[in-house]
Amino acid sequence: MEELYRKAAERIARARYGAALTGAGISVESGIPDFRSPDGLWSRYDPMEYGYIESFRRNPGRVWKMLIEMTGLLDRAMPNPAHIGLAELEKLGCVKTVITQNIDSLHQKAGNTDVIEFHGHARTLRCDDCSKRYDPGEVSLESLPPRCSCGGPLRPDVVFFGEPIPPIALHRAMDVARSCDVMMVIGTSATVAPASTIPVIAKENGAFIIEINPSPSALTGHVTDVYIPESAGKAVSEIVAIVREIKGYQEL
């Protein structure tokens, strides 16, 4: 395993443009289960009834009961060593951009400054009718759904099933995939398009792909150059320590 860590760290340390793609697996150690895991939200709420934009528009008050649980979980979560490690790699000049499929804002909390949120975020609420935005702290949840001043239902600024990826996030992510020379892929099964195409596009444009996942993904063996079968926190921490050593830093 040490050989894999060193090989990954050496490529990251000399990257011209390092990037990372992260999925639900990076936040598990922060207490946020993958929605599809046995203890995830979809084990208690049928995604067909709660996860699709049509479901929200048909019965927003019902879907908000799930959203309250989801946003409470996100509000309590704190960055774990994997998030903190990626922020340190940015400070070391090795990772410039993080593309995340997560909506938890933990990369920003850890210190990353260029985060592309592929599926949106829960930091703001948006009217589903007029698109006016609100700070969640300004909105009462005593009556569900909360409503905009125009009367439309408010929703978190996230992408529901059945909605397109925000164009700016999609275009920026594809630009990063075409431009980076090293991409870390952490905690994603890489089975859901269009996010799953990002490492493939990076590889086709000459990037070195480092995958960190406890179990193999759809990328392992044919897209991935180095596969590290470890938890995100352990693997990223080990890589950061070696990058510091290569660059001559004892600590940040």
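Residues numbered from 1 in each chain as written. Predicted model: local features only at pLDDT ≥ 70, side-chain atom pairs only at ≥ 80, totals over all residues. Heavy atoms only, no water.

- Where an unreviewed UniProt entry is consulted, the protein appears under the name protein acetyllysine N-acetyltransferase, with the organism given as Thermodesulforhabdus norvegica.

1. Examining the sheet that holds strand 5 (residues 133-134)
- The three strands lie next to each other as 5-4-6, forming an open sheet whose pairing is antiparallel. In this open sheet, the two edge strands, each paired with only one partner strand, are strand 5 and strand 6 (154-158).
- Note: strand 4 (residues 120-127) against strand 6, four bridges, orientation antiparallel. Residue pairing for strand 6: R126 is matched across the bridge by R155. (Pairing = 2+ DSSP bridges. Helix = DSSP H or I, 4+ residues; strand = E, 2+ residues; numbered from the N terminus.)

2. A look at the environment of I210
- Within the fold, I210 resides in strand 8 (residues 208-212).
- The class for I210 is buried, based on a relative accessible area of 0%.
- The contacts of I210, once residues within four sequence positions are left out, are A8, I12, V182, M183, M184, V185 and V226. (Buried < 20%, exposed > 50% of the residue type's maximum accessible area, 1.4 Å probe, protein only. Contact = heavy atoms within 4.5 Å.)

3. Things to note about the packing of aromatic side chains
- Enumeration over the complete set of coordinates arrives at three aromatic pairs.
- Here Y45 and Y50 contribute two aromatic rings whose centre-to-centre distance is 5.0 Å and whose plane-to-plane angle is 70°, an arrangement assigned as edge-to-face.
- A relative accessible area of 13% means that Y50 is categorised as buried.
- Ring geometry for F56 and F160: centres 5.5 Å apart, planes at 35°, overall tilted. With F56 in helix 3 (residues 53-58) and F160 in the loop between strand 6 and helix 7 (167-179), this pair connects stretches of sequence that are 104 residues apart. Taken individually, F56 and F160 each receive the classification buried, so the pair is uniform in this respect.
- For R11, the ring lying beneath its charged end belongs to F208, and the centroid distance is 4.0 Å. (Phe/Tyr/Trp six-rings, centres within 6.5 Å; stacked < 30°, edge-to-face > 60°. Lys NZ or Arg CZ within 6 Å of the ring centre and 35° of its normal.)

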